[in-house]
Amino acid sequence: MKTKVLFLDIDGTLVDFQGKIPESAKEALIRAKERGHHLVLCTGRTRFQVYPWLLDYGFDGLITGAGAQVEAGRELICRHLVKQDSLAKAVAFFERIRAPYYLQAEKAIYAPQWCIDCQTAVFQGELSEEERQKRFGRITRDEKPCQRKDVEKLAYYHSVKDLGEVRRALGDYFTVEASSFQLINSSDGEVTVRGIDKAYGMEQYLRYAGIRREDSAAFGDGPNDLGMLEYAGTGVAMGNAGAELKSRADLVTSSIGEDGLLRAFEALKLI
């Protein structure tokens, strides 16, 4: 069988919203690897936020920060950072409307103390600090976030402004999408540099690997996976994905908790 490149979102696709990988997903990865396919993580998480144990499955590439950083093996293919003047504009906006926000970078997540306190209050009684750090990464305090030079993307939540208002406020430099985590609503979102997205990262990896776009498949469930599924030779939406993503996919599989990834691999005869 011809070698395929399989681009895999993490949250809601490969790993559930409790931070666990289903046994069937483990089986899918192992069997696909045995068949010689390239396995590439394609996630909105930055490198720092990728579960260390997940890397033990031998991924051939990593697309992190929703396309901001692309790696093949141990080689860095490309990396894009938010311009400081645009970062300052975004930070000022979220500060003004008091929407907790985080600056996501390759080696850490940064936020001022008031944003850290908000996260603690939101998860109080639900997740311990240790569990929060395991799932999302430890947040480093930074009271001058707009001066950072290593930011790849931003995330925010509990905004009094809806997605449309946030998009208009931040301008054309950024793309704003609904959050890719489980509780998706118009008050939570992810902010990336326009044109630097998962599809861009896929293009860079395929060019480096010398593999045609037609010989790729992408698997996702969230709003930031739409471009990824449309760019791939075959786009697969998980059963737990939203209606729009499902309507644009070539194949809709079952949910992550119902062996969705394994069933999709089997349906596509990848394994």
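Just so you know, these numbers come straight off a predicted model, no measurement behind them.

Draft legend 1. Quick look at the sheet that holds strand S10 (residues 174-178). If you trace the six strands from one edge of the open sheet to the other, you get S8-S7-S6-S9-S11-S10, paired in mixed fashion. Taken across any chain shown, the strands that pair with only one partner, and hence form the sheet edges, are strand S8 (139-141) and S10. Averaged over all adjacent pairs, the angle separating strand axes in this sheet is 30°, with direction ignored. Its contacts with the sheet put helix H5 (residues 163-170) on strand S9 (151-156), S10 and strand S11 (189-193), and the angle it makes with S10 is roughly 170°.

Draft legend 2. Fine view of the sheet that holds strand S4 (residues 69-72). Strands sit in the order S5-S4-S3-S2-S1-S12-S13-S14 across an open sheet of eight strands; the sheet is mixed. Where the open sheet ends on each side, the last strands, each with one partner, are strand S5 (75-79) and strand S14 (251-252). Note: strand S13 (residues 234-237) against S14, two bridges, orientation parallel. Within the sheet, the bridge partner assigned to Ala 237 lies in S14 and is Val 252.

Draft legend 3. Seen up close, helix H1 (residues 23-34). Between the first and last C-alpha of H1 there are 17 Å, a value that for 12 residues agrees with the 16 Å anticipated at 1.5 Å per step. Those residues of H1 not exposed but buried are Ser 24, Ala 25, Ala 28, Leu 29 and Ala 32. Considered in projection along H1, the buried side chains sweep an arc of 140° and stay on one side of the axis. For H1, the exposed residues set more than 90 degrees away from the buried face come down to Glu 23 and Glu 34. As for H1, its buried residues are in contact with strand S1 (5-8), strand S2 (38-42) and helix H9 (260-267).

Draft legend 4. Expanded view of the nonpolar core. Judged by nonpolar contacts, the single largest core of 58 residues is most densely connected at Phe 7, Phe 94, Leu 170 and Met 202. The leading source of residues in this core is helix H2 (residues 84-97), at six residues. Once residues lying within four places of it in the same chain are set aside, the contact partners of Leu 170 are Lys 89, Ala 90, Phe 93, Phe 94, Val 176 and Val 191. The next biggest cluster of nonpolar side chains, apart from the first, holds 26 residues, and it includes Val 15, Leu 39, Leu 41 and Leu 270.

Draft legend 5. Structural detail: the packing of aromatic side chains. For the structure shown, the criterion picks out nine aromatic pairs. Pairing Phe 7 with Tyr 205 gives two aromatic rings, centres 6.1 Å apart and planes at 90°, and the pair type is edge-to-face. Of this pair, Phe 7 sits in strand S1 while Tyr 205 sits in helix H6 (residues 198-209); the two residues are 198 residues apart in sequence, bridging distant segments of the chain. Judged by relative accessible area, Phe 7 falls into the buried class, the value being 0%. Each ring, one from Tyr 173 and one from Phe 174, has its centre 4.9 Å from the other, and the planes form 85°; the classification is edge-to-face.

Draft legend 6. Spatial organisation of the pattern of salt bridges. By the definition in use, this model includes 20 salt bridges. For Lys 4, the salt bridge identified is with Asp 215, shortest N-O distance 3.5 Å. Taken together, the residues span a long stretch of sequence, with Lys 4 in the segment before S1 and Asp 215 in the loop between H6 and strand S12 (216-220) at a distance of 211 residues. Since its relative accessible area comes to 7%, Asp 215 is described here as buried. As a salt-bridge pair, Glu 27 and Arg 31 come within 2.9 Å of each other at their nearest N and O atoms. Of this pair, Glu 27 and Arg 31 both sit in helix H1, separated by four residues, roughly a single helical turn. Judged by its relative accessible area of 35%, Glu 27 falls in the partly exposed class. Judged by its relative accessible area of 28%, Arg 31 falls in the partly exposed class. Linked through salt bridges whose partners overlap, the residues forming this network are Lys 4, Arg 212 and Asp 215.

Criteria and cut-off values
- Residues numbered from 1 in each chain as written.
- Predicted model: local features only at pLDDT ≥ 70, side-chain atom pairs only at ≥ 80, totals over all residues.
- Heavy atoms only, no water.
- Pairing = 2+ DSSP bridges.
- Helix = DSSP H or I, 4+ residues; strand = E, 2+ residues; numbered from the N terminus.
- Axes fitted to C-alpha atoms, helices over the stretch in contact; angles between N-to-C directions.
- Contact = heavy atoms within 4.5 Å.
- Expected span 1.5 Å × (residues − 1).
- Buried < 20%, exposed > 50% of the residue type's maximum accessible area, 1.4 Å probe, protein only.
- Arc of directions from axis to C-beta.
- Core = buried A, V, L, I, M, F, W, Y, C linked by side-chain atoms within 4.5 Å.
- Phe/Tyr/Trp six-rings, centres within 6.5 Å; stacked < 30°, edge-to-face > 60°.
- Salt bridge = Lys/Arg side-chain N within 4 Å of Asp/Glu carboxyl O.

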